[in-house]
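# Descriptive analysis of the structure
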Amino acid sequence: MDKEFDIQEYMTKGVETVVRDAMRATLKNPKESLYMVKFAASSKAASKKRKEAERKGEHIPPFLIASITSNCNLHCAGCYSRCNHATTDETPVSQLKGEEWLKIFDEADELGISFILLAGGEPMLRPDVIDAAGKKQNILFPIFTNGTYMNERYLKLFDECRNLIPVMSIEGDKEHTDLRRSEGVYDKLMENMDALTDRGVIFGVSVTVTTENIDVVTSDSFIKTLEDKGCKAIIYVEYVPVTEESKELAPGDDDREYMLREIRRLRKEYTGMVFVSFPGDEKSSGGCIAAGRGFFHINSHGGAEPCPFSPYSDINVRESSLRQALRSKLFTALRAGDILADDHAGGCVLYEKRNEVEALLAQ
């Protein structure tokens with residue numbers, strides 16, 4: 001890994017860019033703009049905390065992914081979370097309680113973590129945790145949801161707590177979305193968008209990019225539909241193959257180059273929207289930013305993992321803290337070694353190099 005690369009500077013600039021773009025996207029929404037101005041100040045203060053920690057030899061990432069439940073009501077085709085048994089139909093009794101998640105959010109705030117992505121399973125099955133997140137106004141919480149549990153209670157909560165940003169999963173047009181997620185999901189998402197826009201609530205979408213939908217999800221017709229519905233952010237997530245049969249769905253090098261070109265184009269042509277690509281160009285970030293370099297993952301049972309696609313853990317925040325998790329043997333070894341910077345064919349180097357990660361865990 002390039003020793004000259006400054007991950008702290010890179011991630012700080014990335015956060016500033018996200019905040020700036022979000023402020024631009026909400027210029028015509030006074031309530032949302034007011035919150036983003038306040039959050040910009042909070043984000044700047046958090047950045048100072050991270051820089052101070054860095055000077056003392058401690059690296060704090062600006063992002064945390066929190067899978068707040070293992071339960072989900074959908075069976076999306078090729079779901080990585082179901083394939084690695086992180087998502088189930090039943091609610092496990094061992095998953096973290098609402099007060100435990102609030103403790104995690106409190107510590108994240110103290111450390112200077114600015115963004116906590118709420119995922120699952122289906123996170124909106126945990127209203128207690130989302131209520132707790134709404135109280136932490138210094139942190140922005142994108143909620144990655146399938147959208148099927150959007151109701152009047154949540155609409156009211158999102159209106160009152162502007163730090164909660166619903167990010168609904170969509171696969172492109174109605175045909176592609178319903179084919180992967182189940183019939184009727186696309187229409188529900190369109191209904192949700194109308195309801196959120198009527199209340200002036202900012203929202204985004206998450207798109208899993210595959211070889212089957214890459215042209216659709218970057219098309220002007222798709223983007224224009226979302227723009228007309230009031231969508232302010234599109235997060236493209238490259239599909240990670242979790243079975244041999246699904247490898248053909250994973251974008252290749254040519255597809256990634258195409259995505260980079262398209263995102264540059266979309267950012268120029270649709271200035272009222274924010275476009276984010278994950279993992280994006282890892283070369284510009286000195287390699288994969290998981291394992292605490294730029295973010296890390298807490299699963300629904302409290303296990304600290306490098307990322308959702310790499311479900312390996314040697315420490316649980318139930319018995320420790322976020323700070324201790326960032327110093328775990330596994331995270332430290334991954335950051336010190338070469339795996340995060342290795343070349344790889346799929347969308348996730350840690351998934352592709354999972355045998356090496358397992359070997360580190362066994363040491």
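Everything discussed here concerns the structure shown above.
The structure displayed is predicted, hence computed values, not measured ones. (Residues numbered from 1 in each chain as written. Predicted model: local features only at pLDDT ≥ 70, side-chain atom pairs only at ≥ 80, totals over all residues. Heavy atoms only, no water.)

Secondary structure summary: the chain contains 15 helices and nine strands in total. Against the compact-globule benchmark of 21 Å for 363 residues, the chain has a radius of gyration of 19 Å, which places it among compact chains. Projecting the C-alpha coordinates of the chain onto the three principal axes gives extents of approximately 50 × 45 × 45 Å. The buried share of the chain, reckoned over its 363 residues, is 55%. Considering only residue pairs separated by 6 or more positions, the chain has 71% of its internal contacts joining residues 24 or more positions apart. Accessible surface, the chain as shown: approximately 16300 Å² in total, 53% of it carbon and sulfur. A gap of 7 Å separates the mean positions of the 47 positive and 59 negative side-chain charges of the chain. (Helix = DSSP H or I, 4+ residues; strand = E, 2+ residues; numbered from the N terminus. Rg over C-alpha atoms; globule rule 2.2 N^0.38 Å. Buried < 20%, exposed > 50% of the residue type's maximum accessible area, 1.4 Å probe, protein only. Contact = heavy atoms within 4.5 Å. Areas by Shrake-Rupley, 256 points an atom, 1.4 Å probe, with all protein chains shown as cover. Lys, Arg positive; Asp, Glu negative; His and termini not counted. Charge placed at Lys NZ, Arg CZ, Asp CG, Glu CD.)

Further remarks concern the environment of Ile-165. Examined against the element boundaries, Ile-165 turns out to sit in strand β4 (residues 164-169). Note: C-alpha distance between Ile-165 and Val-185 (20 residues apart in sequence) is 19 Å. If sequence neighbours within four positions are ignored, Ile-165 has contacts with Glu-32, Leu-140, Phe-141, Pro-142, Ile-143, Ile-202 and Phe-203.

What follows covers the state of the cysteines. Applying the stated criterion across every chain, the model contains zero disulfides. Of all cysteine sulfurs in the structure, the one in Cys-76 sits closest to Cys-231, which takes part in no disulfide; the separation is 18 Å. (Disulfide = S-S within 2.5 Å.)

Turning our eyes to something else, we now look at the packing of aromatic side chains. For the coordinates displayed, the defined rule picks out seven aromatic pairs. Ring centres 5.1 Å apart and planes at 65° place the aromatic pair Phe-105 and Phe-141 in the edge-to-face group. Pair noted here: Phe-105 is in helix α4 (residues 98-111) and Phe-141 is in strand β3 (residues 141-145), with a separation of 36 residues, a long-range link. Each member of the pair, Phe-105 as well as Phe-141, is classed as buried. Counting every residue linked through ring pairs, the aromatic cluster contains Tyr-35, Phe-39, Phe-63 and Phe-115. The positively charged end of Arg-153 is found above the aromatic ring belonging to Tyr-154, 5.7 Å away from the centroid. (Phe/Tyr/Trp six-rings, centres within 6.5 Å; stacked < 30°, edge-to-face > 60°. Lys NZ or Arg CZ within 6 Å of the ring centre and 35° of its normal.)

So, about the nonpolar core. Generally speaking, a soluble globular protein has its nonpolar side chains buried in company with each other. In terms of nonpolar packing, the biggest core is built from 102 residues, with Phe-105, Ile-116, Leu-118, Ile-234 and Tyr-236 touching the most fellow members. Per-element tally for this core: the top contributor is helix α8 (residues 185-198), with seven residues. In this structure, Leu-118 is in contact with Ala-66, Ile-68, Phe-105, Pro-123, Ile-130, Ala-133, Phe-141, Pro-142, Ile-143 and Phe-144, ignoring residues within four places of it in sequence. (Core = buried A, V, L, I, M, F, W, Y, C linked by side-chain atoms within 4.5 Å.)

The tally for this structure, following the rule as stated, stands at 26 salt bridges. We note a salt bridge from Asp-159 to Arg-162, for which the minimum N-O separation is 2.4 Å. Taking relative accessible area as the criterion, Arg-162 reaches 5% and is therefore assigned buried. Linking Lys-174 and Asp-187 is a salt bridge whose minimum nitrogen-to-oxygen distance equals 3.0 Å. A residue pair is termed long-range when its members are at least 10 positions apart, and Lys-174 in helix α7 (residues 174-181) and Asp-187 in helix α8 qualify at 13 residues. Take Lys-174: its relative accessible area is 37%, and that puts it in the partly exposed class. A network of salt bridges, in which partner residues are shared, links Lys-31, Glu-32, Asp-159 and Arg-162. (Salt bridge = Lys/Arg side-chain N within 4 Å of Asp/Glu carboxyl O.)

Here we come to the packing of α8 against helix α10 (residues 220-229). Running from N to C, α8 and α10 cross one another at 40°; their axes reach a closest spacing of 9 Å. When the interaxial angle is binned, α8 and α10 end up oblique. Side by side, α8 and α10 meet where Tyr-186, Met-190, Met-193, Asp-194 and Thr-197 of the first sit next to Thr-225, Leu-226 and Lys-229 of the second. Classifying every residue of the contact of α8 with α10 by side-chain character gives four nonpolar, two polar and two charged. (Axes fitted to C-alpha atoms, helices over the stretch in contact; angles between N-to-C directions. Parallel < 35°, antiparallel > 145°, perpendicular 65-115°, else oblique. Nonpolar A, V, L, I, M, F, W, Y, C, P; charged D, E, K, R; others polar.)

Two numbers describe a pair of packed helices, the interaxial angle and the distance between the axes. At their nearest, the axes of α7 and α8 sit 8 Å apart, and the two run at 115° to each other. Each of Lys-174, Thr-177, Asp-178 and Arg-181 in α7 lies in contact with α8, whose residues at this interface are Val-185, Tyr-186, Asp-187 and Leu-189. Across the contact of α7 with α8, the residue classes tally to three nonpolar, one polar and four charged.

The next thing to look at is unusual backbone geometry. Across the junction of Gly-120 and Gly-121, the peptide omega takes the value 5°, indicating a cis bond. Its location among the elements puts Gly-121 in the loop between β2 (115-119) and α5 (127-134). A positive phi angle, close to 135°, is found at Ser-182, a residue other than glycine. The residue Ser-182 is located in the loop between α7 and α8 in this model. Since its relative accessible area comes to 30%, Ser-182 is described here as partly exposed. With a phi angle near 60°, Ala-291 is a residue other than glycine that sits in the positive phi range. With respect to the element layout, Ala-291 can be found in the loop between β7 (274-278) and β8 (295-298). Ala-291 sits in the buried class, given a relative accessible area of 0%.

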